[in-house]
Amino acid sequence: MKKKIKLLIKGIACLLLFVFFIGLVSFLNSSTNSSEKEGMDWEPEKKTYAEGWEMVAENNAFALYFEPSLMQLSLEDKREGTKWMSNPENAQNDPIAFGQNKTAVRSLLTITYVDDQSSYFTINSFAACVQEGTYTYEYADDGVYVNLQFAKQGFEIPCFFGIKEDRFVARVLSEQIVQHGSLLVAEISLLPYFGAGSLEDTGYMFVPDGCGALIYYNNQKQGYQSYLQRVYGSNLALNVQSNLKVAKDATMPVFGIKKNDAALLAVITKGEYQAEIKAEVAKKTTSNNIVYSNIVYIQGENNTLLSGSDKEESTVMLSPQHNQFPYYEVSYYPLKKDAGYSEMAVCYREYLVQEKGMKEKDADQKLMNLTFLGGIDVRKTLLGVPYHTIAALTKFSELSNIAKELQQNAGSSFQICMYGLEKGGIKSKIPTSLSYESALGGKSGYRKMEEALKVAGVPFYPIYDPITIKKSGNGYRAIHGVRNVSRSASIQYDYLLTTGAKDSGSARYLISPKYEEKIINSLLKSAEKRNVDALGFASLANHIYSDFRRESISANETGAYWEEALKIAADSLDKLLLEGAYAYAFPYADGITDVPVFSSQYDIEDETVPFYQMVMGGTAALYSEPLNESGNIREMFLHCVEYGVSPSFLLMAAAPDTLQETDYQKFYSIAWSDWKEEIEEMLGELSTLDNVCGQALVQHRKVSDGVYESTYQDGTVIYVNYQKESIRIGDTLVPAMGFMREGEVK
């Protein structure tokens, strides 16, 4: 009897568990709909609009049309007789699009939103608004305001589309977004199908990957991952567990379309610090080749809870919603017929001059840049007691002698930079004044070197990093660094190339942006006191991040802090050299080091192009990343020649084995003694280009596979040949793996 009772109890328990499971599944399946409606008492009025295109704005260059029943746009370029559509014609008949893509291809926006469980969902404006009749519009003098009402999700997203004298503008009015329920807008893709190229069209999409890259229409690479890059690189405040990725960043907030004989350049003119650029080739999800931008308001961060225990768990934490800026704006500049990426670069350069205050000046560019490392911290022992001290990789006196010797052997067309010259060497405190490490020769040794280089006519730039906290001091320590999404300190690491794991010895912090103006002003005051009129900055021109404290600072706000700091520095100094500058720093740079001469070469990409160089060449002196850290020095050297960039080397005066058993073994091949002869030979080879060094690169084209033509401002044409055999172009014989001026014979 007892046995039967036990069986009965077990049966009832199983039944209850089954009922509970069914209820749980039902709850989870309905959670999205429930969360969409939770806390909402808002129900937009459904409307029906008449079919037909209506002109909403016109000027001398453009006419803008709007189709209310479809909520689509058409831009007529009256100058060139071309038409740009917000969506492909006959998109409803796309033979490849399936499911949500059927409606996405007819949409002005695609929305990504999150619930309170950190789950992401996607919806598009055609399915959620047009088909439901939940949107309104109002014409203005120069365009149309559209209020998109996502009823099920509880969003109202206002947009504006209009024309100016030279462009078409599209805006998401970020601060006016209304969220009625518990769901939050995380991302918005703006006009994802504007100017889409079909299966029948020819052309390419330009993306700002590294120095620039082209993705050809219909390149049959739909099996590869689509292009996606955050403008100016990933948000560095976010926690990263491991990183095996070695890629360039998107250095500029631009993208371009070359469609048959028409072309345009799109510039993200507001909100670019939180933007992404995406591109997809036809047959991936639809019949279209598309490139567009995406504004990010909320980011997810992966965190590990109870790390190392048997209860270790990974979780995604969401950042605050950063939409506290008036609007996100993309400006589309239609170009003349038959324009290409060269003309896109000219357009962007003009934008920087006219709207960002970039000055058109002659670049004082040398044939080569030599960057020397000064002091490093090393561990030593005394009577068995460990201690830290500074070891000199390059003393000031050694640098003077190297410069003198190189000048005697190869001429004076080079410049010198130096990292780690301040007290503490490379791992110094935040620099609030100029200081000089005693192990390198101290203040007196620096002054002697400075004078010797000035007499020799060799430009010299001391390099300081005003945003990285490597050591406490000068009033700044870890507590002044930014916080990640979990509000713990955001620690920065280098990552091991072999495993992608963090290199614990490289730990450092990034200063909260609100302190930067004070740091820069203090440093510049010290420079003025010491009559130093040329400085270089590391990190400030290529590090973008948020600060996720309770009173958070968005990436857009950080960008504003950085621009103000750079402006102060540019106004104070005669010469400002910036390491690896991204576009927000372009207006302030007299010289730029670590200029990319490659793209990431993602599988979806087809060509690397010198867009960066065509924008900045002739205005700022351009110097490459170190050739001696490249896997193929000759190829990188030829890229420098092709793109009008002077090559760089990273060096030290110390013996090659100095770095053994230190934290700096990654600099495995930087001894001056190993590179002296090659540098002298390279300067000799480059001397034939002395008159075009620093000129603007105005045209660039591919002649044939592995052969390229670069045209400079004075009309000089340089051919570069990457092939293993020489090639004749007209009267010019270009040697294998070499270069030659047009018409020149050797």
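Asks: Break down the overall build of the protein for me, with residues and values.
Replies: Of regular secondary structure, the protein possesses 11 helices and 42 strands. Its C-alpha radius of gyration of 29 Å places the protein within 12% of the 27 Å reference for a compact globule of 746 residues. Seen through its principal axes, the protein has C-alpha atoms that stretch 90 × 80 × 50 Å. Within the protein, the proportion of its 746 residues that are buried is 56%. Residue pairs at least 24 apart in sequence account for 65% of intrachain contacts in the protein once pairs closer than 6 positions are excluded.

Asks: Let's hear about unusual backbone geometry: which residues, and what values?
Replies: A negative phi angle characterises most non-glycine residues, just as the trans form characterises most peptide bonds. Of note, Met71 is a non-glycine position whose phi angle comes to about 55 degrees, a positive value. As for its placement among the helices and strands, Met71 is situated in the loop between β2 (62–67) and β3 (72–77).

Asks: Hey, could you go over the pattern of salt bridges for me, with residue numbers and the actual values?
Replies: Inspection of the entire model under this criterion finds 23 salt bridges. For the salt bridge of Arg349 with Glu360, the shortest nitrogen-to-oxygen distance reads 3.9 Å. You can see Arg349 sitting in helix α4 (residues 341–356) and its partner Glu360 sitting in the loop between α4 and β23 (368–373), a full 11 residues away along the chain. Taking the relative accessible area as the measure of exposure, Arg349 reaches 13% and is therefore buried. The exposure class of Glu360 is exposed, given its relative accessible area of 60%. Ionic pairing is found between Glu680 and Lys676, a salt bridge with its closest N-O pair at 3.3 Å. Residue Glu680 and its partner Lys676 are located together in helix α11 (residues 672–686), separated by 4 residues, close to a single helical turn. Classification of Glu680 as buried rests on a relative accessible area of 17%.

Asks: Explain the sheet that holds strand β31 (residues 534–537) to me, and be specific about the residues and the numbers.
Replies: Reading around the circumference, β23-β26-β27-β31-β32-β33-β35-β36 is the order of the 8 strands in this closed barrel, with parallel pairing throughout. Pairs of neighbouring strands in the sheet enclose a mean axial angle of 25 degrees, with direction left out of account. The pairing of strand β33 (residues 591–595) with strand β35 (residues 621–626) spans 3 bridges and is classified as parallel. By the bridge assignment for β35, Gly591 is matched with Ala621.

Asks: Describe in detail the side chain of Ser319, supporting the description with residues and values.
Replies: By the secondary structure assignment, Ser319 is in the loop between β21 (313–318) and β22 (328–334). Setting aside residues no more than four positions away along its own chain, Ser319 makes contact with Tyr297, Ile298, Gln299, Val485 and Phe548.

Asks: Please give an account of the packing of aromatic side chains that cites residues and values.
Replies: Tallied over the entire structure, the rule returns 31 aromatic pairs. With centroids separated by 6.0 Å and ring planes inclined at 10 degrees, the aromatic side chains of Tyr232 and Tyr582 adopt a geometry described as stacked. Within this pair, whereas Tyr232 is found in the loop between β15 (227–230) and β16 (254–259), its partner Tyr582 is found in the loop between β32 (575–579) and β33, the two being separated by 350 residues in sequence. By relative accessible area, which is 2% here, Tyr232 ends up buried. Tyr582 gets classed as buried once you look at its relative accessible area, which sits at 10%. Ring centres of Phe649 and Trp675 lie 5.7 Å apart, and the angle between their planes is 50 degrees; this geometry places the pair in the tilted category. Of this pair, Phe649 sits in strand β36 (residues 646–651) while Trp675 sits in helix α11, and the two are 26 residues apart along the sequence. Looking at Phe649, the relative accessible area reads 0%, which means it is buried. Among the residues examined, Trp675 registers a relative accessible area of 9% and is labelled buried. Pairwise contacts between aromatic rings join Tyr49, Phe66, Tyr135, Tyr137 and Tyr139 into one cluster.

Asks: Give a description of the nonpolar core that names residues and reports values.
Replies: Core analysis: the largest hydrophobic core is formed by 192 residues, its most contacted members being Ile157, Phe161, Tyr348 and Phe611. Counting residues in each nonpolar core, the second largest holds 21 residues, with Tyr419, Ile426, Leu650 and Ile670 among its members.

Asks: Can you tell me about helix α8 (residues 555–572), naming the residues and giving the values?
Replies: Here α8 is 18 residues long and its end C-alpha atoms lie 26 Å apart, about the 26 Å a rise of 1.5 Å per residue gives. Taken as a whole, α8 has its buried residues at Ala555, Asn556, Thr558, Gly559, Trp562, Glu563, Ala565, Leu566, Ile568 and Ala569. Next to the buried residues of α8 lie β15, α7 (516–529), β31 and β32.

Asks: I'd like a description of α7, backed by residues and values.
Replies: Between its first and last C-alpha atoms α7 spans 20 Å; for 14 residues at 1.5 Å apiece the expected length is 20 Å, and the two agree. The secondary structure elements touched by the buried residues of α7 are β27 (460–464), β31 and α8. Looking one or two places after α7, you find Asn531, whose phi comes out positive at around 60 degrees.

Asks: Give me the side chain of Gln72: which residues, what numbers.
Replies: Along the polypeptide, Gln72 turns up in strand β3. Gln72 gets classed as buried once you look at its relative accessible area, which sits at 8%. Within the local environment of Gln72, its side chain forms a polar contact with the backbone oxygen of Arg106, the two atoms lying 3.5 Å apart.

Asks: How would you explain the pairing of β3 if you had to name every residue and give the values?
Replies: β3 sits mainly inside the fold: 5 of its 6 residues count as buried. Both β2 and β3 contribute to a ladder of 6 bridges, which runs antiparallel. Counted as the bridge partner of Leu64 is Leu75 from β3. Between β2 and β3, which pair antiparallel and follow one another directly, the connecting turn spans 4 residues, one of which, Met71, has a positive phi of 55 degrees. Connecting β3 to the next strand, strand β4 (residues 82–85), in antiparallel fashion are 4 residues, including Gly81 with a positive phi near 70 degrees.

Asks: Let's hear about a nonpolar patch on the surface: which residues, and what values?
Replies: Together, Leu382, Leu383 and Tyr387 make up an exposed nonpolar region whose accessible area comes to about 380 Å². For Leu382, the location among the structural elements is in strand β24 (residues 375–382).

Asks: Account for the packing of helix α10 (residues 633–643) against α11, with residues named and values stated.
Replies: Any two packed helices are characterised by how steeply their axes cross, that is the angle between the axes, and by the distance between the axes. Interhelical geometry of α10 versus α11 gives an angle of 30 degrees and a closest axis separation of 13 Å. Here α10 is positioned roughly parallel relative to α11, judged by the angle of their axes. As α10 packs across α11, the resulting crossing turns out to be right-handed. Of the residues in α11, those in contact with Ile633, Arg634, Phe637 and Val641 of α10 are Trp675, Glu678, Met682, Glu685 and Leu686. Looking at the contact of α10 with α11 residue by residue, the class counts come to 6 nonpolar, no polar and 3 charged.

Asks: I'd like to hear about the environment of Asn93, residue by residue, with values.
Replies: The topology assignment puts Asn93 in the loop between β4 and α2 (100–104). When the C-alpha atoms of Asn93 and Ser287 are compared, they prove to be 10.0 Å apart, with 194 residues separating the residues in sequence.

Asks: Explain the packing of helix α5 (residues 396–410) against helix α6 (residues 442–456) residue by residue, including any values.
Replies: Contact geometry of α5 with α6 gives a least axis separation of 8 Å together with a crossing angle of 15 degrees. Overall, the two elements α5 and α6 adopt an arrangement that is roughly parallel. Considering the relative orientation of α5 and α6, their crossing is left-handed. Every residue of α6 that contacts α5 at Phe396, Leu399, Ser400, Ala403 and Gln407 is listed here: Gly442, Gly445, Tyr446, Met449, Ala452, Leu453 and Ala456. Split into classes, the residues belonging to the contact of α5 with α6 amount to 8 nonpolar, 4 polar and no charged.

Asks: Any details on the sheet that holds strand β38 (residues 707–712)? Residues and values, ideally.
Replies: In space, the 4 strands of this open sheet follow the order β37-β38-β39-β42, with antiparallel pairing throughout. The outermost strands of the open sheet, each flanked by one partner alone, are β37 (697–704) and β42 (738–741). Pairs of neighbouring strands in the sheet enclose a mean axial angle of 20 degrees, with direction left out of account. Here β38 pairs with strand β39 (residues 717–721) via 5 bridges, running antiparallel. Each residue of the ladder has a partner; that of Val707, found in β39, is Asn721.

Rules and cut-offs
- Residues numbered from 1 in each chain as written.
- Predicted model: local features only at pLDDT ≥ 70, side-chain atom pairs only at ≥ 80, totals over all residues.
- Heavy atoms only, no water.
- Helix = DSSP H or I, 4+ residues; strand = E, 2+ residues; numbered from the N terminus.
- Rg over C-alpha atoms; globule rule 2.2 N^0.38 Å.
- Buried < 20%, exposed > 50% of the residue type's maximum accessible area, 1.4 Å probe, protein only.
- Contact = heavy atoms within 4.5 Å.
- Salt bridge = Lys/Arg side-chain N within 4 Å of Asp/Glu carboxyl O.
- Pairing = 2+ DSSP bridges.
- Axes fitted to C-alpha atoms, helices over the stretch in contact; angles between N-to-C directions.
- Phe/Tyr/Trp six-rings, centres within 6.5 Å; stacked < 30°, edge-to-face > 60°.
- Core = buried A, V, L, I, M, F, W, Y, C linked by side-chain atoms within 4.5 Å.
- Expected span 1.5 Å × (residues − 1).
- Polar contact = N/O pair within 3.5 Å; in protein donor to acceptor, adjacent residues only side chain to side chain.
- Patch = residues over 30% accessible without salt bridge, like charges linked within 9 Å, V, L, I, M, F, W, Y side chains within 5 Å.
- Areas by Shrake-Rupley, 256 points an atom, 1.4 Å probe, with all protein chains shown as cover.
- Parallel < 35°, antiparallel > 145°, perpendicular 65-115°, else oblique.
- Left-handed = near helix turned anticlockwise from the far one by under 90°.
- Nonpolar A, V, L, I, M, F, W, Y, C, P; charged D, E, K, R; others polar.

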